Structures are given as C-alpha cells and as structure tokens.
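A look at the structure
Next come the chains, spelled out residue by residue.
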Amino acid sequence: MKPYRVVHHTQSLCPRCLARIPARYEQRCHEVWLVKECPEHGRTETPVWRGGPDMSTWLRPKLPTPPAPLGTVDRGCPFDCGLCPQHNQHTCTAVFEVTTRCNLRCRYCFAAAQDDETQTLQPSAHVGDPPLHTLVALLEAVRQKTGPCNIQLSGGEPTLRHDLCDIVSHARRLFPFVQLNTNGILLGRQPSLAHDLARAGLDSVFLQFDGTSQDIHEALRGAPLLDDKRRAIDALGEAGVGVVLVPTVVPGVNDHDVGAIIRLGMSLAPAVRGVHFQPVSHFGRHPSCQGAPSPSARITLPELMHRLEEQTAGMVQVVDFLPPGCEHSLCSFHANYLVREDGTLMRVSAPRAESAPPAHPALDGAIAARAFVRRQWAAPGHGAPVHDACGCGTDGTTSAAMTAPISSVNADVSSSCPAAPCGHSPSPSGNAASAPSTAVSPGTSRNISPDTSDVVSPAIAGQPRPDHAGDDLDRFLARAATHLFAISAMAFQDAWNLDLERLQGCCIHAVTTDGALIPFCAWNCTAADGTPLYRGRT
C-alpha cells in the first residue's frame, strides 16, 4: 500500500530551468505535497498544506471569467502573460513598481531591491526611476484595460521618490483606491509625509511589519526598525490613512510572534485596519538561493491558522478562517472581527460551509474583493460606500476578507447574509447551526454574536423592542463603523510550489513598463540560480 494518494494533477515549473512540467498533489496523512519531476533536473517535492482544515474541504470552485485578452497564446502558460487568453480572472489589484531603489537590503525581498547607492533618507530624483509622465501614461493605459480596479504603488521603496505625492494624485484621479507598499522608515522619520500623501489622495498603507520586538526586524531587515514603524503608524493615523500590518512569516524567526502582532494591531485600531500575513516565499532574494528550501523553511496556511489560534488563546480560531472568493482557494484565508471596547474580538464574518458550494463566476469575487478592500483598508469614513459590494461569498462566507455591510447587521452577524440581492446567496445551511463549533475553553474572551442579539430578535420578529435595545444596537453599530478588523494571509508561489491552475486564477497583477499585466507570482518567480521568469525581461 502506497504511503500517499494522488489527489490532483496539474502543471508546474522546474525550479532549475523553469520548463513547464507535469505535477501532482500527494496526500500524505495530514499533509499535501506538490511533487514534480523534470527530465533534466530530476524530482522535487514541496509541502503546500500541513494540518487541518483538510485541503479537500477548503477548495471552492469558480467558473472562469477570462478578461479581454491582452496578448496571444504562443508558448502557453506561464510564458505568454500579459494577460493571455488562458487567464481566468480579472484584475483586483494592479501593482505599479515606481522605483527599484530601497533604503534597506532585506534578507527576503520579492524584488531583490538594492540599497540606494546614496544611502539617502530624503526623497530624491533618480535617473533609474521611470519618469512621472511615463507612470501617468501607464496608469491611463491600465485604467482602460482593467476598469476601476485597486492600485498599489510599490518598489523598491516608493517613498524615496521626490514626486510620490504627484504619482498618488494622478493615480487617485483614475482609480477609486490607491495603496502604498512601504517599509515605513521615511514615514516614521518625516511625519509630514503622511499628511502630504493623504492630501494627494492616498487611501491606505501596506506597512512591512514583521514583529513586535527589535530582534525580529534586525533578523529579517538588518536594522532595529520597530520604533520607526510605530511612529509611521501614528503619523498615518493622524493623517487619516488606513494602515495594514504586513508581516513576512519565517519559521524560526517570527512565527512565534504572530499572536502578538494581532494583539498589537488590535490595540492600534482604528488606525490599523487589519493584519495581512505573508508566509515566506522563496523568490527574488532569499537565504536559500542556489538550493531548494527545506520543508522546515516553509509555513503553510493551515500551520499559520493554528499558530494564530494558539497564540491568541483561542480569541482567533481556525474555524473562523474562510477560503477566498477572488483568487484560487489555496492562495489565501481571511476572517473579519469587531474589536470590542474591552479589547477582545468578536467574529463578524460568516461561518465556513462544511462542503463546497456550487461554482460561481470568478469575476463576482473580483468585484466584491475590490469593494471590500476600498471599504476596510482605508481609514474609517474614507472608504467606498458599503453598497459597493454585497460582502458575501457564494457559500455564505466572505470573499477576499470581505464582511457584510455593517448597516445590515441583524441578530447574529456570523450567520447573516443581508446583501443577497447583490447576486450572492447564503450557504445551503442558511444558518449558523451547521457551522463548526466555536466553543473555547473557560476564561477565553470570545464572542461570536453581538451583545444586542437578545434585544434585536424581537424587533426582527415584528414585536416591540425593549427601550434599551436601540441604545445597545446603536452603540454596537457605532463601534463597528470604526473598529472592524481584518485578519488574512496570502501564500505566494515560488518555483518550487508553483501551480499553473492557481496562477491562472490570480487577481493581483504587476504592471510592466510596456503596460502588460503579469500575475504577481509569475512576475516575481525566479529559478534556483536567480534567473527571473519575467522581472527585468519586459
């Protein structure tokens, strides 16, 4: 009897030569590995799912909704990106890299960005940066191709550009949501920059934030940056720009600190809108260059879910987390909470269905994900109106960390699907009774339904509501308007674990200098020797 069973066949790349080769998922007890063999370079196997929930129950089918092709199929996926007719998902977020310069040289870097040779801590002009007029033309071209998607300005380190506010202003003129991906150093040392960017129209900052102690930042970024990052959060909060903390999770470095990051983020709400974890991926610059990363150098999504539950003493639980409605199911998880006045969390996202619902059009998830990001990741009162998306996934879950419009909250937030007229439908169960148990050990602070449940129900039933019920519900809604908190994770693919089916469902697209749209993991993919699949070649 084989010690494994094959659960799915797909296509991948050889991590040595980047040739397209067959691959398969093997179930090995409670783990799933991606196994492939290159005729020239031999066999590789990589863990992609370790622990529960079972991968088979996590998958959510989607009906492909290919965007208008921007290129042709010549060599086949992933060699014709732009997007080619084989791509199955529209653009949720377009990433513009506005500089290759950086004021750090991190051990792990998607872009393998280099130190700015001047070591300046002041924004400056640079001959290697794309000029403003080129970026404006790219923004206009992408707007024509994608419609009103969300925009992320990235790098390198974008704050090194002296004209960053001008870039933000042009981007905000064309797109409904503009986010900045930054290490936060200059924002922490020059607080006025946050206010300048807010006036230019910046909605949100994706802040590199790897841990709550200096030793973590020194290990991953080479400098004690914690104080700079705390000052950046303060400055952005005062300026009215939403902050998302983005830790790169590296086993043995900061995977013991993920619960502390959640607690810190909660304490800094509403300035901090959530935490978006990124399990380490091995592309660009990483310590295992020239060799295959060991299985112990990876942390999979289920392992991260369990660490979050363990390190928050059950305040966050594995059963809270939901598959995405936009990208491929194996790419991410999310859950949404209310930060209560006593500092505990109350889950507000719907329960996860125990069985996969009928397939839904992938475009529905992209549209809803765009709207959630605009609403949740901007500062309170600065996001898109809640009617921009229904907030519900097709299995009654939320898609891409979406939550239902808070004005529609009823007696049990976790089981409601108040926005079904938008085109999504509740889970087949239709109520929370079929959801996995959310019981926790005594002494754990955790509520799944709002305190107002006992007084909202009579009104829903058409009965008079007790006099105090209105005050309780109003207080709850007021809190929810400012203190919703999203916890999510995105598992980017590298050459060892790349699955072309996942890649074809990608909704995060890098913009090249000639205006092509490349799925993010294809754009950043590098072979074992550092040879890029796309970056620097287009």
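Up top is the structure.
All of the points below concern the structure found in this document. (Residues numbered from 1 in each chain as written. Predicted model: local features only at pLDDT ≥ 70, side-chain atom pairs only at ≥ 80, totals over all residues. Heavy atoms only, no water.)

1. A short note on the packing of helix H2 (residues 132–146) against helix H3 (residues 164–174)
As a reminder of what qualifies: Helix axes are fitted to C-alpha atoms over the stretch in contact, other axes to C-alpha atoms as well, and angles between N-to-C directions run from 0 to 180 degrees. We count a stretch as a helix when DSSP gives it H or I for four or more residues in a row; a strand needs E for two or more, and each element gets its number in order from the N terminus. If an angle is under 35 degrees, it is roughly parallel; if it is over 145, roughly antiparallel; if it lies from 65 to 115, roughly perpendicular; otherwise it is oblique. Crossing handedness: left-handed means the near helix sits turned counterclockwise from the far one by under a right angle, and right-handed means the same turn made clockwise. Contacts are assigned to residue pairs that have any heavy atoms within 4.5 Å of one another. As a working rule, the residues Ala, Val, Leu, Ile, Met, Phe, Trp, Tyr, Cys and Pro are called nonpolar, Asp, Glu, Lys and Arg charged, and the rest polar, with Gly in that last group.
The contact between H2 and H3 brings their axes to 10 Å, and the two run at 20 degrees. Comparing the axis directions of H2 and H3 gives the class roughly parallel. At the point where H2 passes H3, the crossing takes the right-handed sense. Together, Leu 132, Leu 135, Val 136, Leu 139, Glu 140 and Arg 143 of H2 and Asp 166, Ile 167, His 170, Ala 171, Arg 173 and Leu 174 of H3 make up the contact between the two elements. Along the lines of polarity and charge, the residues of the contact of H2 with H3 split into seven nonpolar, one polar and four charged.

2. Observations regarding the side chain of Thr 65
Heads up, the condition is: Polar contacts, as used here, are pairs of N or O atoms within 3.5 Å; protein pairs need one atom able to donate a hydrogen and one able to accept it. Residues neighboring in sequence count only if both atoms are side-chain atoms.
Tracing the backbone through its elements, the reader meets Thr 65 in the loop between strand S5 (62–63) and strand S6 (93–97). At a separation of 2.9 Å, a polar atom in the side chain of Thr 65 contacts the main-chain amide nitrogen of Leu 363. Residues contacting Thr 65, with those up to four places away along its chain left out, are Asn 88, Gln 89, His 90, Pro 361, Ala 362 and Leu 363.

3. Focus: the sheet that holds strand S2 (residues 20–28)
Remark on secondary structure: sheet strands pair via backbone hydrogen bonds, oriented parallel or antiparallel. The condition is simple: A pair of strands is labelled paired if DSSP reports no fewer than 2 bridges between them.
As summarised here, the arrangement of the four strands in space is S1-S2-S3-S4, forming an open sheet in which the pairing is antiparallel. Two strands close off the open sheet at either side, each with one partner strand: strand S1 (5–13) and strand S4 (42–50). Strand after strand, the sheet turns through a mean of 25 degrees between neighbouring axes, direction not considered. In this sheet, S2 lies alongside S1 in antiparallel orientation, the contact comprising eight bridges. Opposite Ser 12, over in S2, you have Ile 21 as the bridge partner.

4. Describing the pairing of strand S18 (residues 484–490)
Defined as follows: Partly exposed residues are those whose accessible area sits between 20% and 50% of the maximum for their type, while under 20% is buried and over 50% is exposed, using a 1.4 Å probe and protein chains only.
Buried residues dominate S18, accounting for seven of its seven residues. Residues of S18 alternate between two faces, with Leu 484, Ala 486, Ser 488 and Met 490 on one and Phe 485, Ile 487 and Ala 489 on the opposite face, all of them buried. Bridge count between strand S14 (residues 272–279) and S18: four bridges; the pairing is parallel. Bridged to Gly 274 within S18 is Ala 486. Two strands pair when backbone bridges link them, and strand S15 (residues 332–339) and S18 are joined in this way by seven bridges, in the antiparallel orientation. Bridged to Phe 333 within S18 is Ala 489.

5. Some words on the environment of Val 319
Among the structural elements, Val 319 can be located in the loop between helix H9 (301–311) and S15. The buried category is assigned to Val 319, whose relative accessible area is 19%. A C-alpha to C-alpha distance of 9.8 Å links Val 319 and His 306, two positions 13 residues apart in sequence.

6. Examining unusual backbone geometry
The residue after Cys 77, namely Pro 78, is reached through a cis peptide bond having omega 10 degrees. With respect to the secondary-structure elements, Pro 78 resides in the loop between S5 and S6. The residue after Ala 269, namely Pro 270, is reached through a cis peptide bond having omega 10 degrees. Topologically, Pro 270 is positioned in the loop between helix H8 (258–267) and S14. In this structure, Leu 18 is a non-glycine residue whose phi angle is positive, near 60 degrees.

7. What about the pattern of salt bridges?
To keep things clear, this is the line we draw: What makes a salt bridge here is a side-chain nitrogen of Lys or Arg within 4 Å of a carboxyl oxygen of Asp or Glu, nothing more.
Taken as a whole and assessed by the stated rule, the structure comprises 19 salt bridges. The shortest N-O distance in the salt bridge between Glu 45 and Arg 28 comes to 3.2 Å. Of this pair, Glu 45 sits in strand S4 while Arg 28 is found in strand S2, placing the two residues 17 residues apart along the sequence. Here Arg 298 makes a salt bridge to Asp 494, at a shortest N to O gap of 3.0 Å. Of this pair, Arg 298 sits in the loop between S14 and H9 while Asp 494 sits in the loop between S18 and helix H13 (500–504), and the two are 196 residues apart along the sequence. We classify Arg 298 as buried; its relative accessible area is 6%. One salt-bridge network, held together by shared partners, links Arg 24, Glu 26, Arg 28, Arg 43 and Glu 45.

8. Remarks on the nonpolar core
A general feature of soluble globular proteins is that nonpolar side chains tend to end up buried together. Inclusion rule: Buried Ala, Val, Leu, Ile, Met, Phe, Trp, Tyr and Cys residues that are joined via side-chain atoms within 4.5 Å together make up what is termed a nonpolar core.
Residues Leu 153, Phe 277, Leu 308, Phe 321 and Ile 487 are the most contacted members of the largest nonpolar core, which totals 79 residues. For this core, the element with the most residues is helix H7 (residues 226–239), which contributes six residues. Ignoring sequence-local partners within four residues, the contact set of Ile 487 consists of Ile 262, Val 275, Phe 277, Leu 308, Val 316, Phe 321, Phe 333, His 334, Ala 335, Tyr 337 and Leu 345. If you look at the next biggest cluster of nonpolar residues, it comprises 34 residues, including Leu 18, Cys 77, Ala 522 and Leu 533.

9. Topic: the packing of aromatic side chains
This is how the line gets drawn: Between rings of Phe, Tyr and Trp, where Trp is taken as its six-membered ring, a pair exists when centres lie within 6.5 Å; planes separated by under 30 degrees are stacked, by over 60 edge-to-face, and by other angles tilted.
Inspection of every chain in the model, using the stated rule, returns four aromatic pairs. Where Trp 49 meets Trp 58, the ring centres are 5.8 Å apart and the plane angle is 50 degrees; that geometry is what we call tilted. Its relative accessible area of 2% is what places Trp 49 among the buried residues. Trp 58 gets classed as buried once you look at its relative accessible area, which sits at 0%.

10. Focus on H2
The condition that has to hold: A helix's residues, less one, multiplied by 1.5 Å, set its expected span. What the arc describes is the spread of directions from the helix axis to the C-beta atoms.
Its 15 residues place the ends of H2 21 Å apart at the C-alpha level, agreeing with the 21 Å of an ideal helix rising 1.5 Å per residue. Buried within H2 are the following residues: Leu 135, Val 136, Leu 138, Leu 139, Val 142 and Thr 146. Projected onto a plane normal to the axis of H2, the buried residues spread over an arc of 160 degrees and lie on a single side. Facing away from the buried side of H2, by more than 90 degrees, are the exposed residues His 133 and Gln 144. Buried residues along H2 sit against S6, H3, helix H10 (362–376), strand S19 (508–511) and strand S20 (517–519). The first or second residue beyond H2 is Gly 147, which carries a positive phi of 75 degrees.

11. Describing the environment of Met 305
Looking at the element boundaries, Met 305 is found in helix H9. Beyond its immediate chain neighbours, meaning those up to four positions away, Met 305 contacts Pro 53, Trp 58, Val 318, Phe 321 and Phe 333.

12. A word on the pairing of S6
In terms of burial, S6 is a largely internal element, four of the five residues being buried. In the sheet, S6 pairs with strand S9 (residues 150–154) via five bridges, with the strands oriented parallel. The residue bridging Val 95 from the neighbouring strand is Gln 152, located in S9. Bridging between S6 and S19 involves three bridges; their strand directions are parallel. Bridged to Ala 94 within S19 is His 509.

Read these as geometric descriptors, not functional statements.
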